[in-house]
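What follows is each chain in one-letter form.
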Amino acid sequence: AVRGTPERRRILITLMVLVWNSLEFKLAFTKGQLVITVTWIGITITIEQEGIRAKVKLSIIDDIMTDLEAFGRSNIISKKELHSFLGKLSHVSGLLLVLRPFMIPMWAAWGAPSPADKPGCIWASQTETETEWFRVFFAGNGASVERYFSLDAYNRVGTVVEIGTDASAWGLGCWLSVDGDITEYFT
C-alpha cells in the first residue's frame, strides 16, 4: 500500500521495484495492481482516507457455511474434509483473530486417533460446540466479515487502555489503567 499524490506513488513504486530487482527478487508483474481496491489471496483490501479495510471474499465464507452444513448432517466427519475446512478457517482467522481460540479444539480433534470402525474420521460430537459457534458467527456476519486498520491505531493515537492481571496460589488481582491512571482494580 502506497500513499501520496499520484506522482509520488509512481516514484515510490518505481524505487521499490528497482530495489527488489537489484536484489534479484523474482517479481510477478502480471499480479501487480495499482488501484484503490485490490484482491490478494482471497481478501479484498480497500484503501480509505483514514485507514485500510480488509474483507474476506464471499466465496470463502460460502464454502465455510457449506462445510458447516455438511458437518451438521452426519455423526462423523472425514479428517480430510475437516482439514480442508480448517485451512479455510485459518485463512479467515489471519484477519479475524477472534476465531483462533475456537479452532484449537478442532485441530486437536483432527489430530486425535480415529475410531477403530471409522478410520480417517472423527465423531462430529468432538467439534459440536465449535461448529455451532462458527455456524452462528458466519450466519450473522457472512457478507461482511471484515477488519478495519485505522491510521490512528497504527500511530497509537487516542486513549491508552491497559489491563494487568496476576495470580498466585493465594489469590488473583487485576487493574485497569486509562491514559496511565489506574481507574479500577480488584484483588
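Here the structure is a predicted model, which is why all the values come from computation and not from measurement.

Chemist: How would you summarise the environment of Gly173 if you had to cite specific residues and measurements?
Modeler: Structurally, Gly173 is set in strand 8 (residues 172-178). Spatially, the C-alpha atom of Gly173 lies 7.4 Å from that of Tyr185, the residues being twelve residues apart in sequence. Residues within four places of Gly173 in sequence aside, it is in contact with Gly164, Thr165, Asp166, Phe186 and Thr187.

Chemist: Break down the environment of Ala109 for me, with residues and values.
Modeler: Residue position: Ala109 is located in helix 4 (residues 100-111). Ala109 gets classed as buried once you look at its relative accessible area, which sits at 4%. For the pair Ala109 and Ala124, spaced 15 residues apart in the sequence, the C-alpha separation amounts to 9.5 Å. Here Ala109 is in contact with Lys79, Ile122, Gln126 and Thr127, once residues within four sequence places are set aside.

Chemist: So, the layout of surface pockets: which residues are in play, and what are the values?
Modeler: The rolling of a water-molecule-sized probe over the atoms marks out the regions of remaining empty space. In this structure, the largest pocket encloses a volume near 1000 Å³. Together, 26 residues line the largest pocket, and Ala1, Gly32, Gln33, Leu34 and Val38 are the ones closest to its centre. Contributions of two or more residues to the lining of the largest pocket are made by helix 1 (6-22), strand 1 (37-40) and strand 2 (43-48). With seven residues, the top contributor of residues to the lining of the largest pocket is helix 1. In terms of residue class, the lining of the largest pocket is built from 18 nonpolar, four polar and four charged. Roughly 330 Å³ of volume is contained in the second largest pocket. Looking at the lining of the second largest pocket residue by residue, the class counts come to nine nonpolar, three polar and three charged.

Chemist: Tell me about the sheet that holds strand 2, residues and numbers included.
Modeler: Sheets are built from strands that pair by backbone hydrogen bonding, the pairs being arranged parallel or antiparallel. Strands sit in the order 1-2-3-6 across an open sheet of four strands; the sheet is antiparallel. Every interior strand has two partners, whereas the edge strands, strand 1 and strand 6 (146-150), have only one. Taken over all neighbouring pairs, the strand axes of this sheet differ in orientation by 20° on average, direction set aside. In this structure, strand 2 lies alongside strand 3 (residues 51-56), joined through six bridges in antiparallel fashion. Note that in strand 3 the partner of Ile47 across the bridge is Ile52.

Chemist: Run through the confidence of the model for the chain, naming residues and quoting values.
Modeler: Per-residue confidence for the chain gives a mean pLDDT of 90, with 98% of residues at or over 70. Strand 1 is the least confidently modelled element of the chain, averaging 83 in pLDDT, while strand 9 (residues 181-186) averages 96, the highest of any element.

Chemist: Run through the side chain of Glu130, naming residues and quoting values.
Modeler: Position of Glu130 relative to the elements: it lies in helix 5 (residues 128-141). No salt bridge is formed by the buried Glu130, whose closest oppositely charged neighbour, Arg135, lies at an N-O distance of 11 Å. When sequence neighbours within four positions are dropped, the list of residues in contact with Glu130 reads Phe102, Pro105 and Met106.

Chemist: Tell me what's going on with the packing of helix 3 (residues 79-93) against helix 4, and back it up with residues and numbers.
Modeler: Running from N to C, helix 3 and helix 4 point in directions that differ by 160°, and their axes come no closer than 10 Å. In terms of axis orientation, helix 3 runs roughly antiparallel to helix 4. For the crossing formed where helix 3 meets helix 4, the hand is left-handed. Contacts from Lys79, Leu82, His83, Phe85, Leu86, Leu89, Ser90 and Ser93 in helix 3 reach Arg100, Met103, Met106, Trp107, Ala109, Trp110 and Gly111 in helix 4. Grouping the amino acids of the contact of helix 3 with helix 4 by side-chain chemistry returns nine nonpolar, four polar and two charged.

Chemist: Give a detailed account of the pairing of strand 3, specifying residues and quantitative values.
Modeler: One face of the sheet, then the other: side chains in a regular strand alternate in exactly this way. Hairpin connection between strand 2 and strand 3: a loop of two residues separates the two successive antiparallel strands. Here five bridges tie strand 3 to strand 6, and the two strands are oriented antiparallel to one another. Among the inter-strand pairings, Ala54 is bridged to a residue of strand 6, identified as Arg147.

Reading the values: the criteria
- Residue numbering note: each chain is counted from 1, following its sequence as written.
- Since the coordinates come from a predicted model, pLDDT governs what is reported: local features require at least 70, and pairs of side-chain atoms require 80 or more to be given and counted, while whole-chain, interface and lining totals use all residues.
- Side-chain metrics in this entry use all non-hydrogen atoms of the structure; hydrogen atoms and water are not considered.
- Each helix corresponds to a stretch of at least 4 residues labelled H or I by DSSP, and each strand to a stretch of at least 2 residues labelled E; elements are numbered beginning at the N terminus.
- Every residue pair with non-hydrogen atoms within 4.5 Å of one another is taken to be in contact.
- Note on exposure labels: buried denotes an accessible area under 20% of the residue type's maximum, exposed denotes more than 50%, and partly exposed covers the range between, all computed with a 1.4 Å probe on protein chains only.
- Here the term cavity refers to a set of points on a 1 Å grid, laid over the protein atoms alone, in which a 1.4 Å probe fits but cannot get out; the term pocket refers to an open set having protein on both sides within 12 Å along at least five of seven lines, with lining residues being those that place an atom within 4 Å of a point.
- Grid points are joined across faces, edges and corners, and a volume is the space filled by probe spheres set on the points.
- Under the convention adopted here, Pro, Cys and the residues Ala, Val, Leu, Ile, Met, Phe, Trp and Tyr are nonpolar, Asp, Glu, Lys and Arg are charged, and Gly plus all remaining residues are polar.
- When DSSP finds two or more bridges between a pair of strands, those strands are recorded as paired.
- The convention used is that axes are lines fitted to C-alpha atoms, helices contributing only their stretch in contact, and that angles between N-to-C directions extend from 0 to 180 degrees.
- The predictor reports its confidence for every residue as pLDDT, a score running from 0 up to 100.
- The sign given to each residue is positive for Lys and Arg and negative for Asp and Glu; His and the chain ends receive no count.
- The term salt bridge refers to a pairing of a side-chain nitrogen on Lys or Arg with a carboxyl oxygen on Asp or Glu at a separation within 4 Å.
- Each angle gets one of four labels, with under 35 degrees taken as roughly parallel, over 145 as roughly antiparallel, 65 to 115 as roughly perpendicular, and the rest as oblique.
- In this scheme the handedness of a crossing depends on how the near helix is turned from the far one: anticlockwise by less than a right angle means left-handed, clockwise means right-handed.

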